[in-house]
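Structural features, examined
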Amino acid sequence: MRSKLEAPPKISFDLDGLIALNKSFAPGGTIFSEGDIAETLMYIQTGRVAISGASKTDKEAVVAILGPGEFLGETCLGSQNIRMRTATAIAPTALQVIERKEMIRALHADLALSYRFLSYLISRNIRLEEDLVDQVSHCSERRLARVLVLLAGKGDRRKRQRFAGISQWTLASMTGTTRSRVSFFMNKFKTLGFIKYCGPLDAHGGIHINTTRLAKVLRK
C-alpha cells in the first residue's frame, strides 16, 4: 500500500496536440483573481502557484500550492464560469494556457489524454480529502510536517528536497495555525535536522527538506 504521507504520483501529460498559449509570471504575479470570468485552464510547466480564497471577513487563506505537472483553473470545464479562487505565482512560473473549448475538444478526441486527465482529477480529489481529515484530526505540528513533505514531492528521498517562495505566513495558512506556531515548529525541525534554511524563509529564500526524516514525525 502507498503511504498516505507521500505525495501522489505525478501523471505526465503530452499537450503538444493542443492549441495553447505560453505565458510566464514573475513571483507575486496574479494569474487570475476571484471573480474573474473562467474561460481557460492552465498547465504548469515550471514554477509554483498558490491558490487562495478570501473569507467573509476578507481574511485570505492559502488552500493549495501547485507545481510542475499540475493544472489550475480546471473547474471551467464544468458549469463554473466564475473564478472562485485567486492564483498567484510564488516562483518564476511558466504556464500553458488552454481555452475551455480546446481542452474539451482534445478530451473527446484523445482517449489516452482523457484517461490521464481523469486520473489526475481523482488523485487531486483524494489529496483534498486527506487534507480535510488532517485538518480536523491532527495537531498543528503534524499538519505542518505533512505540508512540508507534500511540498517536497516525490524526488530522490536520499537527497534533501528544496523549494522556495514559501513564507511562514503561507505555511500557517495552509496548516490552519498561527505564524508564531509555525516559527516554533520550523525551528524545532531545523534543530532536529529535518530541514535546513537556504536564505530567509520568504519569496527570496528556500528550504531544504530531509523528507525521509521529517516523515517520521507523521508516524508518531
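Look up: the structure comes first, before these words.
What comes next is a walk through the structure. Note that the structure is a prediction, hence the values are computed from the model and not measured.

1. Remarks on the packing of aromatic side chains
All chains considered together, the criterion is met by 9 aromatic pairs. Between the aromatic rings of Phe71 and Phe117, the centroid separation amounts to 5.1 Å while the plane-to-plane angle is 90 degrees, which identifies the pairing as edge-to-face. Here Phe71 is found in strand β6 (residues 71-72), whereas its partner Phe117 is found in helix α2 (residues 111-137), with 46 residues between them in sequence. Considering the side-chain rings of Phe184 and Phe185, the 5.3 Å spacing of their centres and the 70 degrees angle between planes classify their relative orientation as edge-to-face. Through a chain of ring-to-ring contacts, three or more aromatic side chains come together here, namely Phe13, Tyr43, Phe71, Phe117 and Tyr120.

2. So, the sheet that holds strand β7 (residues 86-89)
One open sheet holds the 4 strands; their spatial order is β2-β7-β4-β5, and the pairing between them is antiparallel. Each end of this open sheet is capped by a strand with a single partner; those strands are β2 (30-32) and β5 (60-66). Neighbouring strand axes in the sheet, compared pairwise and without regard to direction, differ in orientation by 30 degrees on average. Relative to β5, strand β4 (residues 49-54) is paired through 6 bridges, and the arrangement is antiparallel. Pairing of Val49 across the sheet is with Leu66, part of β5.

3. Considering the packing of helix α3 (residues 140-152) against helix α5 (residues 179-191)
Where α3 contacts α5, the axes come no closer than 10 Å and their chain directions differ by 65 degrees. The angle between the axes of α3 and α5 places the two elements in the roughly perpendicular class. The two elements α3 and α5 meet at a crossing, and its hand is right-handed. Counted together, Ser140, Glu141, Leu144, Ala145 and Leu148 of α3 and Arg181, Val182, Phe185, Met186, Lys188 and Phe189 of α5 form the full contact between these two elements. Looking at the contact of α3 with α5 residue by residue, the classes come out as 7 nonpolar, 1 polar and 3 charged.

4. Focus on the sheet that holds strand β3 (residues 40-46)
If you trace the 4 strands from one edge of the open sheet to the other, you get β1-β8-β3-β6, paired in antiparallel fashion. Looking at strand neighbours, the two that pair on one side only are β1 (20-25) and β6, the edges of this open sheet. Direction of pairing for β1 relative to strand β8 (residues 93-99): antiparallel, over a ladder of 6 bridges. Within β8, the residue paired with Phe25 across the bridge is Thr93. Of the strands in this sheet, β3, β6 and β8 touch helix α1 (residues 100-109), which is tilted by about 75 degrees from β8.

5. Notes on the environment of Leu113
If you trace the backbone, Leu113 turns up in helix α2. Each C-alpha atom of the pair Leu113 and Leu15 lies 8.5 Å from the other, and the pair is 98 residues apart in sequence. Beyond its immediate sequence surroundings of up to four residues, Leu113 is in contact with Phe13, Leu15, Leu18, Ala106 and Leu107.

Cut-offs used in this document
Residues numbered from 1 in each chain as written. Predicted model: local features only at pLDDT ≥ 70, side-chain atom pairs only at ≥ 80, totals over all residues. Heavy atoms only, no water. Phe/Tyr/Trp six-rings, centres within 6.5 Å; stacked < 30°, edge-to-face > 60°. Helix = DSSP H or I, 4+ residues; strand = E, 2+ residues; numbered from the N terminus. Pairing = 2+ DSSP bridges. Axes fitted to C-alpha atoms, helices over the stretch in contact; angles between N-to-C directions. Parallel < 35°, antiparallel > 145°, perpendicular 65-115°, else oblique. Left-handed = near helix turned anticlockwise from the far one by under 90°. Contact = heavy atoms within 4.5 Å. Nonpolar A, V, L, I, M, F, W, Y, C, P; charged D, E, K, R; others polar.

Keep in mind these numbers describe shape, not what the thing actually does.
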